[in-house]
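Survey of secondary and tertiary structure
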Amino acid sequence: MPDNPSGAPTGTADEAAQDGHDCHDCHDCHDGTVDADLTAVAEAWAAAIVSNDAARIASFMTDDWAIVSESGIASRDEFLAFVASGQLTHSAMDLVSMPRVRVHGDTAVLSVRMTNTAHYGGQRFDADEWTSDVFVKQDGRWLCLLSHITAAAPESATTSTTAR
């Protein structure tokens with residue numbers, strides 16, 4: 001397929017296959033259903049986090065899930081223990097940008113800007129973050145393997161960097 005700076009799909013999946021291109025690993029060749037499926041999973045997971053139900057939250061994660069943040073790496077068990085104990089709760093979790101989804105076979109990366117309100121140790125924390133989640137397809141379901149969060153820059157700073 002020729003280079004396409006707009007990012008819009010060029011050619012059909014059959015044409016790509018004739019060129020020796022493996023469409024199962026290509027974002028441009030699928031019809032968008034995986035994007036919609038993963039976005040729905042991300043939204044359902046956000047709702048699970050706001051439910052503060054550790055078992056429901058865990059149902060979206062692989063057994064070896066981890067989160068990377070400014071404080072380091074936390075395991076699934078550590079995160080869920082904070083939720084189960086009531087030390088960590090969320091009252092809001094919202095996707096506030098259009099998700100960017102890239103699929104590579106049974107692995108996908110979803111990046112999106114999210115806002116959330118968390119309560120930890122009796123204090124309220126409001127966050128505006130960019131998140132990148134690595135999903136793997138297991139037994140027909142997309143489960144999150146890794147989450148990485150980065151604080152979003154103030155609007156005036158993002159305008160100059162996202163226009164590049």
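Quick caveat: nothing in here was measured; it's all calculated off a predicted structure.

Regarding the pattern of salt bridges
With the rule as written, the count across this model stands at two salt bridges. Its salt-bridge partner being Arg-113, residue Asp-128 comes within 2.7 Å of it at the nearest N-O pair. Residue Asp-128 is located in strand β6 (residues 123-138), and its partner Arg-113 is located in strand β5 (residues 107-120); the two are separated by 15 residues in the primary sequence. Here Asp-126 makes a salt bridge to Arg-124, at a shortest N to O gap of 3.0 Å.

Digging into the confidence of the model for the protein chain
Averaged over the protein chain, the pLDDT score is 83; the fraction of residues at 70 or greater is 76%. Contacts for the low-pLDDT stretch residues 1-29, under 50 throughout, to residues beyond four places or in other chains number 27 contacts.

Digging into the layout of surface pockets
Reported here for the largest pocket is a volume of approximately 950 Å³. Along its surface, the largest pocket is lined by 35 residues, and Ile-67, Phe-79, His-90, Glu-129 and Ile-149 are the ones closest to its centre. Only α2 (33-51), β1 (61-69), β2 (72-75), α4 (76-85), β3 (88-95), β5, β6 and β7 (141-151) provide two or more residues apiece to the lining of the largest pocket. For the lining of the largest pocket, the element with the highest residue contribution is β6, accounting for six residues.

Side note on a negative patch on the surface
Among the surface-exposed residues, Asp-63, Asp-64, Asp-77 and Glu-78 lie close enough to one another that they form a single negatively charged patch. Residue assignment for the negative patch shows that the elements contributing at least two residues are β1 and α4. With respect to the secondary-structure elements, Glu-78 resides in helix α4. Residue classification places Glu-78 among the partly exposed residues on the basis of a relative accessible area of 41%.

Looking at α4
Since there are 3.6 residues in each turn of an α-helix, residues three or four apart along the chain are aligned in direction. Of all the residues in α4, the buried ones are Arg-76, Phe-79, Leu-80 and Val-83. Projected down its long axis, α4 carries its buried residues within an arc of 90°, all on one side. Contacts from the buried residues of α4 go to α3 (54-58), β1, β2 and β3. Gly-86 sits one or two positions beyond α4 and adopts a positive phi of about 85°.

Comments concerning the pairing of β1
Consecutive side chains along a regular strand alternate between the two faces of the sheet. Bridge analysis of β1 against β7 gives four bridges, and the strand direction is parallel. In the strand pairing of β7, Ile-67 is matched with Ser-147. With four bridges connecting them, β1 and β2 associate as antiparallel partners. The residue bridging Ser-69 from the neighbouring strand is Gly-72, located in β2. Connecting the antiparallel pair β1 and β2 is a turn made up of two residues.

Here's the deal with the nonpolar core
Among the nonpolar cores identified, the biggest contains 31 residues, and Leu-38, Trp-45, Ile-57, Phe-79 and Phe-135 are the most heavily contacted of them. Looking at this core, the elements with two or more residues in it are α2, α3, β1, α4, β3, β4 (100-104), β5 and β7. The element best represented in this core is α2, accounting for eight residues. Those residues in contact with Phe-135, other than ones at most four positions away along the chain, are Leu-38, Val-41, Trp-45, Asp-106, Thr-107, Ala-108, Leu-110, Trp-142, Leu-143 and Cys-144.

Thresholds applied
Residues numbered from 1 in each chain as written. Predicted model: local features only at pLDDT ≥ 70, side-chain atom pairs only at ≥ 80, totals over all residues. Heavy atoms only, no water. Salt bridge = Lys/Arg side-chain N within 4 Å of Asp/Glu carboxyl O. Helix = DSSP H or I, 4+ residues; strand = E, 2+ residues; numbered from the N terminus. pLDDT = per-residue confidence, 0-100. Contact = heavy atoms within 4.5 Å. 1 Å grid on protein atoms, 1.4 Å probe; cavity = no way out; pocket = protein on both sides within 12 Å on 5 of 7 lines; lining within 4 Å. Points joined across faces, edges and corners; volume = space filled by probe spheres on them. Patch = residues over 30% accessible without salt bridge, like charges linked within 9 Å, V, L, I, M, F, W, Y side chains within 5 Å. Areas by Shrake-Rupley, 256 points an atom, 1.4 Å probe, with all protein chains shown as cover. Lys, Arg positive; Asp, Glu negative; His and termini not counted. Charge placed at Lys NZ, Arg CZ, Asp CG, Glu CD. Buried < 20%, exposed > 50% of the residue type's maximum accessible area, 1.4 Å probe, protein only. Arc of directions from axis to C-beta. Pairing = 2+ DSSP bridges. Core = buried A, V, L, I, M, F, W, Y, C linked by side-chain atoms within 4.5 Å.

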